[in-house]
Amino acid sequence: MQSVFEQIARSLKKRRAMLFVGAGVSMSVGLPPWRKLIEHMADDLGLDDQTVGMPDTTYQALAEYYRLKHGSIGPLRSWMDREWSVSRDKVKRSEIHKLIVSLDFPIIYTTNYDRNLEAAFEIYGRPFVKIANAKDIAKVNGDLTQIIKYHGDFDDDTSLVLAETDYFDRLSFDSPLDVKFRADALGRTILFIGYSMSDMNIRLLLHRLWQTWRLSGYERDRPKSFVFMPGPNVVQEAVLGRWGLNVVAGDDEDPQQSLAAFLSKIAEAS
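Summary of the structure given here. (Residues numbered from 1 in each chain as written. Predicted model: local features only at pLDDT ≥ 70, side-chain atom pairs only at ≥ 80, totals over all residues. Heavy atoms only, no water.)

## Details of the overall build of the protein
Okay, step 1: Counting its secondary structure elements, the protein contains 15 helices and seven strands.
Okay, step 2: Along the longest, intermediate and shortest principal axes, the C-alpha atoms of the protein span 60 × 45 × 45 Å.
Okay, step 3: Relative to its 270 residues, the protein shows a buried fraction of 48%.
Okay, step 4: For the protein, contacts bridging at least 24 residues in sequence account for 68% of all contacts bridging at least 6.
Okay, step 5: Accessible surface, the protein as shown: approximately 13,300 Å² in total, 51% of it carbon and sulfur.
Okay, step 6: Counting 34 positive and 37 negative side-chain charges, the protein places the centres of these two groups 7 Å from one another. (Helix = DSSP H or I, 4+ residues; strand = E, 2+ residues; numbered from the N terminus. Buried < 20%, exposed > 50% of the residue type's maximum accessible area, 1.4 Å probe, protein only. Contact = heavy atoms within 4.5 Å. Areas by Shrake-Rupley, 256 points an atom, 1.4 Å probe, with all protein chains shown as cover. Lys, Arg positive; Asp, Glu negative; His and termini not counted. Charge placed at Lys NZ, Arg CZ, Asp CG, Glu CD.)

Written out as structure tokens, the structure reads:
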């Protein structure tokens, strides 16, 4: 039986694999955690710690309140763009970003707003096309790596999925990027990296993908997909396994080293 690494490497060789990149990958090059965003919004809006600390005060709700108070998300987006900017030198030193480029996934989805993936491809001289909205889909070239900014891009305020309404609007799973994702995902092996499986938006996406296959009547023909987690979690393995996803757990105490080692093993198997 082929190992996980060999299975993913085989799909890559056939150009039938896609990568889904989460915040953990950007944090590996020094991007701040969501807590810093929450603190900035609270300070800007004059909210006290008690209000911000309430269980139902999520960063999405705060961003929604920010939009109501300021009339747009533009000033917040500008702050995020400045604060979440990472030097090209840091990206160049990132083993994880180097491996992502070298593995040559034909399609990469990311919920990250930053430009780190694009910078990595530019640093290593690999051409790509960035897709953040319906207009960009027309630019798809079969020969170029696609980097799909699934929750938007700093270059286009209207594309950002940040506030609560933005997330609710995506729950129908029928935006142009959602339609593209379903089409891309149905016939490919998917690898999710850098995600916290407590993220309900990603869990909904995974559930919808499983549901699509189940209702098709051809669930047994679904290509295998994988979720990398820094360490073992029996609860997630059971739940995600029910949805047809294979959880791969790392064995290094450092999440970044664990992910780098995992990607290196795929490269070795290629």
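## Quick notes on helix α6 (residues 74–83)
Okay, step 1: Taken together, the buried positions of α6 are Gly-74, Leu-76, Arg-77, Trp-79, Met-80 and Asp-81.
Okay, step 2: Looking at the buried residues of α6, the elements they touch are α3 (34–45) and α5 (59–70).

## Some remarks on the pattern of salt bridges
Okay, step 1: Scanning the model with the defined rule gives 19 salt bridges in all.
Okay, step 2: A salt bridge links Glu-39 to Arg-35; its shortest N-O distance comes to 3.8 Å. With Glu-39 and Arg-35 both in helix α3 and four residues apart, this pair spans about one turn of that helix.
Okay, step 3: A relative accessible area of 45% means that Glu-39 is categorised as partly exposed.
Okay, step 4: With a closest N to O distance of 3.1 Å, Asp-178 and Arg-170 form a salt bridge.
Okay, step 5: Classification of Asp-178 by relative accessible area gives buried; the value is 1%.
Okay, step 6: Among the ionic contacts, a cluster of salt bridges with common partners joins Arg-77, Asp-81, Arg-115, Glu-118, Lys-130, Lys-149, Asp-153, Asp-155 and Asp-157. (Salt bridge = Lys/Arg side-chain N within 4 Å of Asp/Glu carboxyl O.)

## A closer look at the side chain of Ser-28
Okay, step 1: Assignment of secondary structure puts Ser-28 in the loop between α2 (23–27) and α3.
Okay, step 2: You can call Ser-28 buried: its relative accessible area is 17%.
Okay, step 3: Within the structure, Ser-28 has its side chain in polar contact with the backbone oxygen of Val-25 (distance 2.4 Å). (Polar contact = N/O pair within 3.5 Å; in protein donor to acceptor, adjacent residues only side chain to side chain.)

## Observations regarding the pairing of strand β1 (residues 17–21)
Okay, step 1: Buried residues dominate β1, accounting for five of its five residues.
Okay, step 2: Of the two faces of β1, the one carrying Ala-17, Leu-19 and Val-21 and the one carrying Met-18 and Phe-20 are both buried.
Okay, step 3: Of the pairings in the sheet, the one linking β1 to strand β5 (residues 189–193) comprises five bridges and is parallel in character. Bridge pairing links Ala-17 to Thr-189 in β5.
Okay, step 4: Bridge count between β1 and strand β2 (residues 107–110): four bridges; the pairing is parallel. What sits directly across from Met-18, in β2, is Ile-107. (Pairing = 2+ DSSP bridges.)

## What about the packing of helix α8 (residues 95–103) against helix α15 (residues 255–269)?
In helix packing, the relevant descriptors are the interaxial angle and the interaxial distance, both defined with respect to the helix axes.
Okay, step 1: Between α8 and α15, the shortest axis-to-axis distance is 9 Å and the interhelical angle comes to 25°. By the angle between their directions, the pair α8 and α15 is classed as roughly parallel. The hand of the α8/α15 crossing is left-handed. From α8, Glu-95, Ile-96, Leu-99, Ile-100 and Leu-103 reach across to α15, where they touch Gln-256, Leu-259, Ala-260, Leu-263, Ser-264, Ile-266 and Ala-267.
Okay, step 2: Here the residues of the contact of α8 with α15 are counted per class, giving nine nonpolar, two polar and one charged. (Axes fitted to C-alpha atoms, helices over the stretch in contact; angles between N-to-C directions. Parallel < 35°, antiparallel > 145°, perpendicular 65-115°, else oblique. Left-handed = near helix turned anticlockwise from the far one by under 90°. Nonpolar A, V, L, I, M, F, W, Y, C, P; charged D, E, K, R; others polar.)

## Quick look at the nonpolar core
Okay, step 1: Ranked by internal contacts, the top residues of the largest apolar core, which has 54 residues, are Leu-191 and Leu-263.
Okay, step 2: By size, the runner-up hydrophobic cluster in this structure holds 26 residues, among which are Ile-107, Ile-148, Ile-202 and Met-229. (Core = buried A, V, L, I, M, F, W, Y, C linked by side-chain atoms within 4.5 Å.)

## Thoughts on the packing of aromatic side chains
Okay, step 1: Applying the stated rule across the entire model yields 16 aromatic pairs.
Okay, step 2: Note on Phe-20 and Phe-192: the rings are 5.1 Å apart at their centroids and 20° apart in plane angle, and the pair reads as stacked. One end of the pair, Phe-20, is in strand β1; the other, Phe-192, is in strand β5, with 172 residues separating them in the sequence. Here the two residues Phe-20 and Phe-192 agree in accessibility, since each one is buried.
Okay, step 3: Among the aromatic side chains, those forming a connected cluster through ring pairs are Phe-20, Tyr-109, Tyr-150, Phe-181, Phe-192 and Tyr-195.
Okay, step 4: The ring of Tyr-150 carries Arg-170 above its face, with NZ or CZ at 4.5 Å from the centroid.
Okay, step 5: One cation-aromatic arrangement involves Arg-214 over Trp-210; the distance from NZ or CZ to the ring centre is 4.9 Å. (Phe/Tyr/Trp six-rings, centres within 6.5 Å; stacked < 30°, edge-to-face > 60°. Lys NZ or Arg CZ within 6 Å of the ring centre and 35° of its normal.)

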